[in-house]
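Structural overview
Here are the chains, one letter per residue:
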Amino acid sequence: MKSVLYITGNRNGYSPDQCGRTLTVAELIEYLEQFDGDLPVYLNNDNGYTFGSIQEGDILEDEYCEED
């Protein structure tokens, strides 16, 4: 059996403002430090019905307009 790390993809809203609290980069790094650094990471979508990979090009820093 192969060990992997899954991150569950949540659909909380149509904009970041609708999603509630999320981890910061620092919190995510701290949390991930407890796992073996060689584990592959996948996104777990639709309660395990579909899965996705994460590549460097998939991570993007961007801006958005907050809702009033």
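Everything that follows concerns the structure shown earlier in this document.
Residues numbered from 1 in each chain as written. Predicted model: local features only at pLDDT ≥ 70, side-chain atom pairs only at ≥ 80, totals over all residues. Heavy atoms only, no water.

The next subject is the pairing of strand β2 (residues 41-45). Bridge count between strand β1 (residues 5-8) and β2: four bridges; the pairing is parallel. By the bridge assignment for β2, L5 is matched with V41. From the end of β2 to the start of strand β3 (residues 50-53), which pair antiparallel, there are four residues, and D46 there has a positive phi angle of about 55 degrees. (Pairing = 2+ DSSP bridges. Helix = DSSP H or I, 4+ residues; strand = E, 2+ residues; numbered from the N terminus.)

Attention now moves to the sheet that holds β1. Taken in spatial order, the three strands of this open sheet run β1-β2-β3, and their pairing is mixed. Two strands lie at the open edges of the sheet, namely β1 and β3, each paired on one side alone. Between one strand axis and the next, the sheet turns through 35 degrees on average, direction left out of account. One ladder, built from four bridges, connects β2 with β3; its direction is antiparallel. Of the residues in β3, the one forming a bridge with Y42 is S53. (Axes fitted to C-alpha atoms, helices over the stretch in contact; angles between N-to-C directions.)

Oppositely charged side chains may form a pair once their charged atoms are brought near each other. Scanning the model with the defined rule gives two salt bridges in all. Where R21 meets E27, a salt bridge forms, and the shortest distance between an N and an O atom there is 2.5 Å. The class of E27 is partly exposed, set by a relative accessible area of 27%. (Salt bridge = Lys/Arg side-chain N within 4 Å of Asp/Glu carboxyl O. Buried < 20%, exposed > 50% of the residue type's maximum accessible area, 1.4 Å probe, protein only.)

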